[in-house]
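# Survey of secondary and tertiary structure
Listed below, chain by chain, are the residues.
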Amino acid sequence: MKIDSCSGPGRLTGSAESTVRVALVGERGLLRTVVAGVLATTPGFELVGQSGPDQDLTEADGRADLVLMDLDTVEDPWALTGRLHARRPECAVVVLTARRTAQVLRRALRAGVRGLIGKDVAPAELIDQLRAIAGGQRRIDPQTALAALDAAVNPLSEREREVAAAAARGWSAREIAARLHLAPGTVRNHISTLLRKTGGRNRWEAVQHARDAGWI
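These remarks concern the structure in this document. (Residues numbered from 1 in each chain as written. Predicted model: local features only at pLDDT ≥ 70, side-chain atom pairs only at ≥ 80, totals over all residues. Heavy atoms only, no water.)

### Examining the side chain of Thr-42
The topology assignment puts Thr-42 in the loop between helix H1 (30-41) and strand E4 (45-51). Within the structure, Thr-42 has its side chain in polar contact with the backbone oxygen of Val-38 (distance 2.5 Å). Beyond its immediate sequence surroundings of up to four residues, Thr-42 is in contact with Ile-127 and Arg-131. (Helix = DSSP H or I, 4+ residues; strand = E, 2+ residues; numbered from the N terminus. Polar contact = N/O pair within 3.5 Å; in protein donor to acceptor, adjacent residues only side chain to side chain. Contact = heavy atoms within 4.5 Å.)

### A look at the sheet that holds strand E3 (residues 20-25)
Strand order in the open sheet formed by six strands is E4-E3-E5-E6-E7-E8, with parallel pairing between adjacent strands. Only two strands of the sheet have a single partner each, and these edge strands are E4 and strand E8 (139-140). The pairing of strand E7 (residues 115-118) with E8 spans two bridges and is parallel. Within E8, the position partnered with Gly-115 by the bridge is Arg-139. Where H1 meets the sheet, it contacts E3, E4, strand E5 (66-70) and strand E6 (92-97), and its direction lies at approximately 155° from that of E4. (Pairing = 2+ DSSP bridges. Axes fitted to C-alpha atoms, helices over the stretch in contact; angles between N-to-C directions.)

### A closer look at helix H4 (residues 102-111)
Residues spaced three or four apart along an α-helix point in a common direction, a consequence of the helix completing one turn every 3.6 residues. Taken together, the buried positions of H4 are Ala-102, Val-104, Leu-105, Ala-108 and Ala-111. Immediately beyond the C-terminal end of H4, within one or two residues, lies Gly-112, with a positive phi of roughly 85°. (Buried < 20%, exposed > 50% of the residue type's maximum accessible area, 1.4 Å probe, protein only.)

### A few points about the nonpolar core
Formed by 20 residues in total, the largest nonpolar core has its most connected members in Met-69 and Val-113. Within the residue set of this core, elements represented by two or more residues are E3, E5, helix H3 (77-87), E6 and H4. It is H4 that contributes the most residues to this core, four residues altogether. Excluding its chain neighbours within four sequence positions, the residues that come into contact with Val-113 are Trp-78, Thr-81, His-85, Val-93, Val-94, Val-95, Ala-108 and Arg-138. (Core = buried A, V, L, I, M, F, W, Y, C linked by side-chain atoms within 4.5 Å.)

### Quick look at the pattern of salt bridges
This structure, assessed with the given rule, holds 10 salt bridges. Note that Arg-21 and Asp-65 form a salt bridge whose closest N and O atoms lie 3.6 Å from each other. Taken as a pair, Arg-21 in strand E3 and Asp-65 in the loop between helix H2 (59-63) and E5 lie far apart in primary sequence, 44 residues in all. Accessibility expressed as a relative area gives 24% for Arg-21, which makes it partly exposed. (Salt bridge = Lys/Arg side-chain N within 4 Å of Asp/Glu carboxyl O.)

None of the figures reported here should be taken as evidence of function without further support.
Take a look at the structure:
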């Protein structure tokens with residue numbers, strides 16, 4: 001097997017029987033066990049290594065064509081993706097996640113992730129997606145793509161986004177007012193509007209909702 005650099009990163013060439021070598025990264029548990037079992041029993045795939053969420057793959061990712069990462073259990077998946085790409089730029093990184101948000105999609109694409117797949121995908125569909133990614137394609141979970149489209153219609157004004165971003169830093173209303181050169185009462189009004197538009201019960205829930213929706 002060889003990597004065809006002219007066909008895009010991570011594209012496998014050779015015969016139809018070329019084996020896709022996969023390394024897993026994530027918390028040891030039911031999901032990783034099931035995925036490992038699927039890969040180990042599927043013709044055309046070879047499981048070459050597994051790693052916990054707080055470990056870097058070394059020998060295994062040196063052999064892998066594709067690294068499949070559990071996004072929800074790795075502490076800093078984007079930093080890990082960057083380190084993997086620095087060592088093996090031709091190795092495709094694919095993430096499994098239950099967080100189908102515009103923010104996750106933006107960060108994944110910025111990090112150079114080649115595939116974003118929902119955790120509720122059927123085993124056969126997972127294999128099809130991985131095979132397509134190994135062939136040079138990029139695959140994005142449809143629900144995540146829809147979330148990104150919904151986020152394009154941002155109901156927050158520019159000033160409301162500034163206040164929400166400041167609140168996300170943990171600043172008090174008085175601190176936000178001082179930093180944004182606003183009256184404290186104006187900041188409180190913006191936070192009230194943020195609560196109404198996001199449906200949050202408090203400023204922390206409102207900020208989290210705005211983040212998840214890709215509004216800030």
